[in-house]
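Topology and contacts: notes
Single-letter residue listing:
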Amino acid sequence: MPSSTETLATPELIAKYEAVIGLEVHVQLATRTKIFCGCAISFGAAPNSNVCPVCLGLPGALPVLNRHAVELAIEASLALSCTVNPKSIFARKNYFYPDLPKGYQISQYDQPLAEHGFVDVIADGAAAKRIGVTRVHMEDDAGKSIHDGFKDSDRYTYVDLNRSGTPLIEIVSEPDMRSSAEAYAYLTEIKQVMQYLNVSTCDMEKGHLRCDANVSVRLRGAEKLGTKAEVKNLNSFKFLRLALDHEIARQVALIESGGRVVQETRLYNPDTDETVSMRSKEHAHDYRYFPEPDLVPLRISEAWKEQVRTQMPELPASRRKRFIADYGLSEYNAEVLTSTRAMSEYFEKVVAASGDARAAANWVMGDLSALLKDTGKEIEDSAISADHLGQLIALIASGKINGKLAKDIFPKMAAANEAPEVIMQREGLESISDEGALGKIIDEVIAANPKQVEQYKGGKQQVIGFLVGQVMKASRGQADPAVVNRMFKEKL
Ligand SMILES: [Zn+2]
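Our subject in this report is the structure included herewith. (Residues numbered from 1 in each chain as written. Predicted model: local features only at pLDDT ≥ 70, side-chain atom pairs only at ≥ 80, totals over all residues. Heavy atoms only, no water.)

In this section: the sheet that holds strand β6 (residues 114-121). Hydrogen bonds along the backbone pair up the strands of a sheet, which may run parallel or antiparallel. The strand order across the open sheet built from 9 strands is β2-β6-β7-β10-β1-β11-β12-β13-β14, with neighbouring strands paired in mixed fashion. Every other strand in the sheet has two partners, leaving β2 (83-84) and β14 (274-280) as the edge strands with one partner each. Here strand β7 (residues 129-140) runs beside strand β10 (residues 167-173); their pairing, made up of 7 bridges, is antiparallel. Of the residues in β10, the one forming a bridge with R135 is V172. Each of β2, β6, β7 and β10 touches helix α2 (residues 67-79); the most contacted strand, β7, lies at about 170° to it. The strands touched by helix α4 (residues 237-256) within the sheet are β1 (17-28), β11 (209-219), β12 (229-232), β13 (264-269) and β14, with β11 carrying the most contacts at an inclination of about 25°. (Pairing = 2+ DSSP bridges. Helix = DSSP H or I, 4+ residues; strand = E, 2+ residues; numbered from the N terminus. Contact = heavy atoms within 4.5 Å. Axes fitted to C-alpha atoms, helices over the stretch in contact; angles between N-to-C directions.)

Moving on: the environment of I131. Checked against the element boundaries, I131 lands in strand β7. The class of I131 is buried, set by a relative accessible area of 0%. Through-space distance from the C-alpha of I131 to that of E174 is 6.8 Å; in sequence the pair is 43 residues apart. In contact with I131, not counting residues within four places along its chain, are G117, F118, V119, V121, S173, D176, M177 and Y186. (Buried < 20%, exposed > 50% of the residue type's maximum accessible area, 1.4 Å probe, protein only.)

Turning our attention to the coordination of the zinc ion. The protein atoms donating to the zinc ion are C37 (SG), C39 (SG), C52 (SG) and C55 (SG), with metal-donor distances spanning 2.3 to 2.4 Å. Note that the zinc ion binds 4 donor atoms; their angles at the metal cover 100 to 116°, and the shape is tetrahedral. Sequence positions of the residues that donate to the zinc ion give the spacing C-x1-C-x12-C-x2-C. (Donors = N, O, S within 2.8 Å, 3.2 Å for Na, K, Ca; no water. Tetrahedral: all angles 85-135°; square planar, octahedral: opposite > 155°, others 65-115°.)

Quick look at helix α8 (residues 341-354) now. Between its terminal C-alpha atoms α8 stretches 20 Å, which fits the 20 Å expected from 14 residues at 1.5 Å a residue. Of all the residues in α8, the buried ones are M343, S344, Y346, F347, V350, V351 and S354. On an axial view of α8, the arc spanned by its buried residues comes to 160°, and they lie on one face. In this structure, α8 carries K349 and A352 as exposed residues pointing more than 90 degrees from its buried face. (Expected span 1.5 Å × (residues − 1). Arc of directions from axis to C-beta.)

What follows is the structure, encoded as structure tokens:
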């Protein structure tokens, strides 16, 4: 990665300052059709194939609001602890862009869908911190300008309007974050919540989750906010962190050298790890917002809101707490096991089938995760069902198999989608804890290893490990080591 050509402040200088960060997050709602017309939403369709007079912005075409989009937006707002307003107003945000054929975006302005929410985040190992959510509003997406990839891209820009009219929500935070780590944690939480709700896939590579940041710095202890710059194009978690750290260092260096930060929009360039000035920041009045005359106010009754609320699943934060309280999991394990809704649901099924939460956590985070990683699969498509994994754990608990045999049976379960007990019986992989059968093997091992037996009798306790190992080997791993240990001690 080429290094930055800008002057950046040293860590010592940066430490004198405090960053103030607010995020604007765009989330694409997972509807089947667009927000104001019936065109399908599909990624990768032939350019300009999913379009109609409404999303092409043809004169006289009338928008009709998509009810499903509103319900997803309500779910998102409730999950972020926002107050959903009984009445909100769509507004035209006027600006010209080749991929915006209407000449305006339909958004919400002074009367948004929802306001006054919050997200609790944990960053840098500190205690949970509450980040305010100023508002959640609905809007439509513009089309896409494609500046490269064509033979004549040096002379032409291509426009694809398939994306035009895709439903979005914009989640605007308060300027409550003080580091790139907090911003990272906030965006992570938003993504996780939206995915739990199935409000959005949040696939950043497809642009389903996009993020802009407002960044300013001030001397530690200062009350007054510094001038903020908006940084755009933070379209991966990695870029979010890099771009914020870069922008903070740039602003500190500027102030320390006697300059001043100007209010502008800067674009993050991941190739050079720099932010570059794009345009001086426009103000709300530049957009000449006014109420959209083609849409009636959006009214959301208490009853509708409550009906949407009852459809919502348990959210990750509450699930994490419940896993710690009910299953005795550590914070770390609870976090990993609730990282996706599918993961947490799988884990709970394993617990139900095995009756052992700790063992379930170990198997899901250990062998199962390794298997998924090796096979490149998500847990939803796991080759081993949660029931089968639970049964395997129950077989260990009942003493029918030991840990070693379980590790032998596990890959066979993945290969054949069979219950562990079926594999165990067919392949004769049961634990031998029968004392008669074990006694015979133990006697053979004692006879074959007189030297070690002498050592043990002479007080060298650790030799028992070697002898138990010989029995395990002779029994092809099927002996129950606890029983073998006890029997050796009795015999010698
Ligand atoms: Zn359309």
